[in-house]
Amino acid sequence: MKDRQAILAQFETLLPLATEWCEAEEARALRDGVPLTAPQISDAKAVGVAAPERVRLLRVESVPVPAHQDLRAAAEAIQFLSPETSGLTLQYAIFIRWDCWRDRDLIVHELVHTAQCERLGGILPFLRQYLIECLTIGYANSPMELEASAAAERVLGASRA
């Protein structure tokens, strides 16, 4: 199942499994994570997060990956969720790898994904669009990733000027 075409063919079958995993991980981070600091709330508002008070950051040894074999294989096939992954946003939950905990650039980038989730109406519609982009265009060129990078650059550039 390491081939993108195979994943695309099984996309509608995998999507509910992925959504279920994301919702469970989000619940864990919302329970165990910490709220944004005042400067992080300002950054969240600047990138369009409507409810920054709902966001929680969870410091982790490594970003979680699904235990389900097919989901894990799909994530590996699109180069998503590897041991090198430094951050992961699941709606209002943001997982930050321990060695990136104070990385403002990363946190702002991930906050853009929270704003996208809000705009699209939750985890399922976000995953549908995001994963299709990663599968068809590629992670680095996906419009949602490019939007996150551009918005983070705009906010961080403005604050450094």
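The preceding data block contains the structure.
Residues numbered from 1 in each chain as written. Predicted model: local features only at pLDDT ≥ 70, side-chain atom pairs only at ≥ 80, totals over all residues. Heavy atoms only, no water.

1. Points about the overall build of the chain
For clarity, the threshold we go by: The numbering of helices and of strands both runs from the N terminus, where a helix is a DSSP run of H or I of at least 4 residues and a strand a run of E of at least 2. Based on C-alpha atoms, the radius of gyration is set beside the globule rule, defined as 2.2 Å times the residue count to the power 0.38. Working definition: with a 1.4 Å probe on protein chains only, accessible area under 20% of the residue-type maximum means buried, over 50% means exposed, and in between means partly exposed. For the area figures, the Shrake-Rupley method with a 1.4 Å probe applies, and any residue is considered shielded solely by the protein chains shown. None of His or the chain ends enter the tally, which takes Lys and Arg as positive and Asp and Glu as negative. For the purpose of locating charges, the reference atoms are NZ of Lys, CZ of Arg, CG of Asp and CD of Glu.
Broken down by element type, the chain carries 7 helices and 4 strands. For the chain, the sequential pattern of α-helices and β-strands runs α-α-β-α-β-α-β-β-α-α-α. Compactness check: the chain gives a C-alpha radius of gyration of 15 Å against a globular reference of 15 Å for 161 residues, within 12% of the reference. C-alpha extents for the chain along the principal axes are approximately 45 × 30 × 30 Å. Of all 161 residues assigned to the chain, the portion counted as buried reaches 49%. When the accessible area of the chain is evaluated, it comes to approximately 8200 Å², of which 54% is carbon and sulfur surface. Placing the 16 positive and 22 negative side-chain charges of the chain at their respective mean positions leaves the two points 5 Å apart.

2. Quick notes on the pattern of salt bridges
Any two side chains of opposite charge can pair, given that their charged atoms come close. Selection criterion: The salt bridge criterion pairs a side-chain nitrogen of Lys or Arg with a carboxyl oxygen of Asp or Glu, the two atoms within 4 Å.
Taken as a whole, this structure holds 6 salt bridges when the rule is applied. Between Glu 147 and Arg 119 there is a salt bridge whose closest N-O contact spans 3.0 Å. Here Arg 119 lies in helix H5 (residues 104-120) and Glu 147 lies in helix H7 (residues 143-160), a separation of 28 residues in the sequence. When its relative accessible area of 30% is taken as the criterion, Glu 147 is described as partly exposed.

3. A word on the environment of Asp 32
Relative to the assigned elements, Asp 32 resides in helix H2 (residues 11-32). We classify Asp 32 as partly exposed; its relative accessible area is 39%. Residues Asp 32 and Ser 86, spaced 54 residues apart in sequence, show a C-alpha to C-alpha distance of 18 Å.

4. Some thoughts on the packing of H2 against helix H4 (residues 69-77)
The test is simple: Axes, fitted as lines to C-alpha atoms, cover a helix only where it is in contact. Angles between the N-to-C directions of the axes lie from 0 to 180 degrees. The labels follow the angle: roughly parallel below 35 degrees, roughly antiparallel above 145, roughly perpendicular from 65 to 115, and oblique for the rest. When checking whether two residues touch, look at their non-hydrogen atoms; a contact exists if any pair is within 4.5 Å. Think of it as three bins: nonpolar holds Ala, Val, Leu, Ile, Met, Phe, Trp, Tyr, Cys and Pro, charged holds Asp, Glu, Lys and Arg, and polar takes everything else, Gly as well.
One can describe the packing of H2 onto H4 by two numbers: an axis separation of 10 Å at closest approach and a directional angle of 95°. The angle between the axes of H2 and H4 places the two elements in the roughly perpendicular class. Facing H2, whose interface residues are Leu 14, Leu 17, Ala 18 and Trp 21, H4 presents Asp 70, Leu 71 and Ala 74. Looking at the contact of H2 with H4, its residues break down into 6 nonpolar, no polar and 1 charged.

5. Quick look at the packing of aromatic side chains
Our working rule: By convention, a stacked pair of Phe, Tyr or Trp rings (six-membered ring in the case of Trp) has centres within 6.5 Å and planes under 30 degrees apart, an edge-to-face pair has planes over 60 apart, and any other such pair is tilted.
According to the stated counting rule, one finds 1 aromatic pair in the structure shown. Relative to Tyr 130, the ring of Phe 126 lies with its centre 5.3 Å away and its plane at 15°, an arrangement referred to as stacked. Note that Phe 126 and Tyr 130 are positioned in helix H6 (residues 123-136) at a spacing of 4 residues, about one turn of the helix. Residue classification places Phe 126 among the buried residues on the basis of a relative accessible area of 6%.

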